[in-house]
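# Summary of structural features
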Amino acid sequence: MSPSGLRASPAWQALARHWQALNGTTLRQLFDARPDRGTRMVAEGAGLYLDYSKNLATGETLRLLQALARSRGVFARRDAMFRGDRINETERRAVLHVALRAPRNERIVVDGKDVVPEVHEVLDRMAAFSDKVRSGAWRGHSGKPIRNVISIGIGGSDLGPVMAYEALKHYSRRDMTFRFVSNVDPTDFAEATRDLDAEETLFVVCSKTFTTLETLTNAHAARDWCLHKLGGDEAAVAKHFVAVSTNAEEVGKFGIDTANMFGFWDWVGGRYSMDSAIGLSTMLAIGPDRFRDMLAGFHAMDVHFRRTPADRNLPVLLGLLAVWYNDFFGAQTVAVLPYAQYLKRFPAYLQQLTMESNGKHVTLSGGRVDYPTGPVYWGEPGTNGQHSFYQLIHQGTRLIPCDFIGFMRSLNPLGDQHDLLMANLIAQTEALAFGKTPAQVRAEGTPEWLVPHRVCEGNRPTNTILAENLTPHSLGALVALYEHSVFTQGAIWNIDSFDQWGVELGKQLASKVIPQLRDPMDPEPDHDSSTNALIRRYRAARTARSG
Ligand code: F6P
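Presented here is a report on the structure given in the accompanying data block.

Scanning the protein chain from N- to C-terminus turns up 22 helices and 13 strands. Residues classed as buried in the protein chain amount to 54% of the 547 residues present. Restricting to contacts in the protein chain with at least 6 residues of sequence separation, those with at least 24 account for 73%. For the protein chain, the computed accessible surface area is about 23,500 Å², with 52% contributed by carbon and sulfur atoms.

What follows is the structure, encoded as structure tokens:
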């Protein structure tokens, strides 16, 4: 029996039997049996429309998956999250990103304290600061207004801001430059600053802990760059640096006045923080009102997730279908394919959200799972991906469930190009589902030897997610949709979706290797033979360079 009893549970066993019975049934057969699937297996919420009819699933599958969710306590756990319970058990923390978008009149109590007023106090300070910068009232050290914003952060303190900036570029201040530095590779900083005037540049240093190696290194590089360009006067730091963090002490040690710090709380996970003060660069780009529209979109999906019955609940459906493919079909990945160039960083953002959350191999009580947990998420915008990796999805040997995301309108209408974009999205979901039979291939006059090569089996499952337009509101709803889908999956697997212990080992080992690379007199490093040889090779090159 599995540590959590998941596999042995009646709900799981019922799904396993159902999978056996369904296995081999094609999407063609499913649509023939229920021709109204395309209008029946759909759900709407928070301005998003989900068509899940092109899945290898029947009404019975969905009923059994919902029964699994109930038996795993998904809905009780959801309510516990919204209540502020410490559901991040290994870090003993509440998980309250939903409080970041709660309206002013809501009450969410953590340790006897309503956190909503603090959230709005920070939002108001962010708004006042953004207005000052955007209006030119905030001046740099030499008196020039700010025209460039560089956000420095990594992981959850970077991917959300980058994604949101790219996604909402249409709404951003085009006369300002926004850049993002995350990598400790000095190239990232050099390229971000090479053509900028320090007198007009503001750095937003984002780090929940304010101890992250990459971010602190880049922040120091920014400080040196700024002081060097501005004549070395330390007073310049106050005009050109603001911090976003939970750690006022470290912010102070770095030299940023904590009056220029925007806080958040330990109950906001890094990968769930783009709607906290970590989104300051987003607010600077699109303005406070649009930022609040984005929060309203998040909140609309929160309400939908909390209140809508499971059979019409978008994140629940998306999460359950992900479990279905992951655990019963053995699918190892999910492709996320936005048909919107502005969403080009959305898959990268989702990778941290989904994989740092559900890439876990033990249950909450510490026993090893005996079922697959989080799948690999990946993707690229359509139509570009169609001319690259879609071939493998159509005719390869792996099952890759796909989420297609599209919008009814273009933000940049150009002739009929948006029709072409959306025709491709719709056609891909049709081609993946129904393929092309040998008879159809032959009917096109294909020589017999070529027939097997041109046959597409179909049965490649897809979800289609549509919204009217890409707006701050719809982006918020979309991100919250995936946040809660991740939650649903993690609750079924009984894992902690809110910790990330696995990333610590690499950090620890790097801090040991750093001095070993630098010190040529260091004795033989004490790792394995491969690691030792790599260290020696780099050290020799470094010594040759400096000698
Ligand atoms: O290394 C992983 C991680 O801890 C992420 O979870 C987090 O988003 C990122 O590093 C950055 O952390 P911080 O915001 O504390 O700099």
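Attention shifts here to the site of the ligand. Near the ligand there are 14 residues, and of these G156, S157, S207, T209 and T212 occur at the shortest range. The contact in question runs from an oxygen atom of the ligand to an N or O atom on the backbone of K208, over 2.7 Å. Residue T212 places a side-chain N or O atom 2.5 Å away from an oxygen atom belonging to the ligand. Contact with the protein chains removes 88% of the 390 Å² of surface that the ligand exposes when unbound. Here the residues of the shell around the ligand are counted per class, giving 2 nonpolar, 9 polar and 3 charged.

Looking now at the packing of aromatic side chains. Following the criterion strictly, the structure yields 28 aromatic pairs and no others. Relative to F305, the ring of F82 has its centre 6.4 Å away and its plane inclined at 45°; by these criteria the two rings are tilted. With F82 in helix α5 (residues 74-83) and F305 in helix α13 (residues 288-307), the pair connects residues that are 223 residues apart, well separated along the chain. Per residue, the accessibility class of F82 equals that of F305, and both read buried. Pairing W265 with W267 gives two aromatic rings, centres 4.9 Å apart and planes at 5°, and the pair type is stacked. W267 gets classed as buried once you look at its relative accessible area, which sits at 5%. A connected cluster of aromatic rings, assembled from ring pairs, spans W12, W19, W324, Y325, F328, F329 and Y371. The aromatic ring of F305 is capped on one face by R78, whose charged end is 5.7 Å from the ring centroid.

This part covers the sheet that holds strand β7 (residues 201-206). On the basis of which strands lie adjacent, the open sheet formed by 5 strands has the order β6-β5-β7-β8-β9 and parallel pairing. The strands lining the two open edges of the sheet, one partner per strand, are β6 (177-181) and β9 (261-263). With strand direction ignored, the average angle separating the axes of adjacent strands in the sheet is 20°. For strand β8 (residues 241-245) and β9, the ladder comprises 3 bridges, and the chain directions are parallel. Within β9, the position partnered with V244 by the bridge is F262. Across the sheet, helix α6 (residues 116-135) lies against β7, β8 and β9, angled at about 145° from β9, the strand it touches most.

Bringing the pattern of salt bridges into the picture now. Any two side chains of opposite charge can pair, so long as their charged atoms come close to each other. Following the criterion strictly, the structure yields 32 salt bridges and no others. Across the pair R101 and D302 runs a salt bridge whose closest N-O atoms are separated by 2.8 Å. Placement of the pair is R101 in the loop between α5 and β3 (109-110) and D302 in helix α13, with a sequence separation of 201 residues. Take R101: its relative accessible area is 3%, and that puts it in the buried class. With a shortest N-O distance of 2.9 Å, K436 and E444 are connected by a salt bridge. For K436, a relative accessible area of 24% puts it in the partly exposed group. Sharing partners across several salt bridges, the network here consists of R101, D275, D302 and E483.

What follows covers the sheet that holds strand β2 (residues 48-51). The sheet built from 6 strands is open, its strands ordered β1-β2-β13-β12-β10-β11 with mixed pairing. Of all strands in the sheet, those with a lone pairing partner are β1 (42-45) and β11 (376-378), marking the two edges. Neighbour-to-neighbour, the strand axes of the sheet open up by a mean angle of 15°, direction not taken into account. Relative to β11, strand β10 (residues 333-338) runs parallel, the two being bridged by 3 bridges. Bridge pairing in β11 places T333 opposite V376. In this fold helix α15 (residues 346-358) packs onto β10, β11 and β12 (402-407), with an angle of close to 165° to the strand it touches most, β11.

Our focus in this paragraph is helix α14 (residues 314-329). Side chains three or four residues apart in an α-helix point the same way, a direct result of the helix having 3.6 residues per turn. Its 16 residues place the ends of α14 21 Å apart at the C-alpha level, agreeing with the 22 Å of an ideal helix rising 1.5 Å per residue. The buried count for α14 comes to 15 of 16 residues, which makes it a mostly enclosed element. Phi turns positive, to about 75°, at G330, one or two residues after α14.

With that settled, the discussion passes to the environment of I400. Looking at where I400 falls in the secondary structure, it is placed in the loop between α16 (390-395) and β12. Separated by 51 residues in sequence, I400 and Y349 have C-alpha atoms that sit 19 Å apart. Aside from chain neighbours lying at most four places away, what touches I400 is T333, A335, W378, L392, I393 and P461.

Our next topic: the pairing of β8. Taken across its 5 residues, β8 has 5 buried, putting it largely inside the fold. Residues F241, A243 and S245 line one face of β8 and the alternating positions V242 and V244 line the opposite face, and both faces are buried. The parallel pair β8 and β9 is bridged by helix α11 (residues 248-254), and the resulting crossover is right-handed.

Once that is clear, we can look at unusual backbone geometry. The residue after G382, namely T383, is reached through a cis peptide bond having omega 10°. Mapped onto the elements of the fold, T383 is located in the loop between β11 and α16. Despite not being glycine, A46 has its phi angle at roughly 55°, a positive value. Note on placement: A46 falls in the loop between β1 and β2.

Definitions and cut-offs
Residues numbered from 1 in each chain as written. Predicted model: local features only at pLDDT ≥ 70, side-chain atom pairs only at ≥ 80, totals over all residues. Heavy atoms only, no water. Helix = DSSP H or I, 4+ residues; strand = E, 2+ residues; numbered from the N terminus. Buried < 20%, exposed > 50% of the residue type's maximum accessible area, 1.4 Å probe, protein only. Contact = heavy atoms within 4.5 Å. Areas by Shrake-Rupley, 256 points an atom, 1.4 Å probe, with all protein chains shown as cover. Near = heavy atom within 4 Å. Polar contact = N/O pair within 3.5 Å; in protein donor to acceptor, adjacent residues only side chain to side chain. Nonpolar A, V, L, I, M, F, W, Y, C, P; charged D, E, K, R; others polar. Phe/Tyr/Trp six-rings, centres within 6.5 Å; stacked < 30°, edge-to-face > 60°. Lys NZ or Arg CZ within 6 Å of the ring centre and 35° of its normal. Pairing = 2+ DSSP bridges. Axes fitted to C-alpha atoms, helices over the stretch in contact; angles between N-to-C directions. Salt bridge = Lys/Arg side-chain N within 4 Å of Asp/Glu carboxyl O. Expected span 1.5 Å × (residues − 1). Right-handed = clockwise from strand over helix to strand, strands pointing away.

Read these as layout, nothing more, since geometry by itself doesn't imply function.
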